[in-house]
Amino acid sequence: MAKRLSKKVSKLEKKTDQLRKKAEKKGKELQSTTSDKIDELTEQDKNSKKGLVALLLAGAGAAAAVVLKKKRDQELDEALWEEPRSI
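Please read these numbers as outputs of a predicted model, since none were measured by experiment. (Residues numbered from 1 in each chain as written. Predicted model: local features only at pLDDT ≥ 70, side-chain atom pairs only at ≥ 80, totals over all residues. Heavy atoms only, no water.)

Q: Describe the overall build of the protein chain, with residues and values.
A: When helices and strands are tallied, the protein chain shows two helices and zero strands. Residues counted as buried form 15% of the 87 residues belonging to the protein chain. Per element, the accessible surface of the protein chain, about 7,400 Å² overall, is 58% carbon and sulfur. (Helix = DSSP H or I, 4+ residues; strand = E, 2+ residues; numbered from the N terminus. Buried < 20%, exposed > 50% of the residue type's maximum accessible area, 1.4 Å probe, protein only. Areas by Shrake-Rupley, 256 points an atom, 1.4 Å probe, with all protein chains shown as cover.)

Here's what the structure looks like:
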């Protein structure tokens, strides 16, 4: 029984790690894209509302990455509390 739970925890750890990596990758892509857009819009028109929108998109991308990381950490914590295993 303990071995089966240990395998489940290992699977959950792998899955959460994959999700974390995917979220980090997506966050970096969004941040890069947004940064490029901000630079582009800043050069075109500094008083434009487009710059503000791009800045808000950058913040939203960063917030999404943080939320996904917190969710991954929470799932990992829950998995460890369900069946603690010796290290």
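The discussion continues.
Q: A description of a negative patch on the surface should follow, citing residues and the corresponding values.
A: A cluster of acidic residues, Asp36, Asp39, Glu40 and Glu43, forms a negative patch at the surface. Take Glu43: its relative accessible area is 72%, and that puts it in the exposed class. (Patch = residues over 30% accessible without salt bridge, like charges linked within 9 Å, V, L, I, M, F, W, Y side chains within 5 Å. Salt bridge = Lys/Arg side-chain N within 4 Å of Asp/Glu carboxyl O. Lys, Arg positive; Asp, Glu negative; His and termini not counted. Charge placed at Lys NZ, Arg CZ, Asp CG, Glu CD.)

Q: A description of the environment of Lys26 should follow, citing residues and the corresponding values.
A: Secondary-structure assignment places Lys26 in helix α1 (residues 2–44). The class of Lys26 is partly exposed, set by a relative accessible area of 48%. In sequence terms Lys26 and Ala65 are 39 residues apart; their C-alpha atoms lie 7.7 Å from each other.

Q: A description of a nonpolar patch on the surface should follow, citing residues and the corresponding values.
A: On the surface, Leu52, Leu55 and Leu56 cluster together into a nonpolar patch covering about 320 Å² of accessible area. Among the secondary structure elements, Leu56 is positioned in helix α2 (residues 49–82).

Q: Provide a residue-level description of a positive patch on the surface, including the pertinent values.
A: A cluster of like positive charges, contributed by Lys3, Arg4, Lys7, Lys8, Lys11 and Lys14, occupies part of the molecular surface. Relative to the elements of secondary structure, Arg4 occurs in helix α1.

Q: Now, about the pattern of salt bridges: what can you tell me, with residues and values included?
A: Pairs can form between side chains of opposite charge once their charged atoms are near each other. Here the structure, examined in full by the defined rule, presents five salt bridges. In this structure, Asp17 and Lys21 form a salt bridge, with 3.6 Å as the shortest nitrogen-oxygen distance. One end of the pair is Asp17 and the other is Lys21, both in helix α1 and four residues apart, which spans about a single turn. On the basis of relative accessible area, Asp17 is assigned to the partly exposed category, the value being 22%. For the salt bridge of Arg20 with Glu24, the shortest nitrogen-to-oxygen distance reads 3.1 Å. Taken together, the residues span about one helical turn, with Arg20 and Glu24 both in helix α1 at a distance of four residues. Residue class for Glu24 comes out partly exposed when judged on its relative accessible area of 35%. Here the salt bridges do not stand alone but share partners, grouping Asp17, Arg20, Lys21 and Glu24 into one network.

All quantities given are derived from atomic positions and should not be read as evidence of function.
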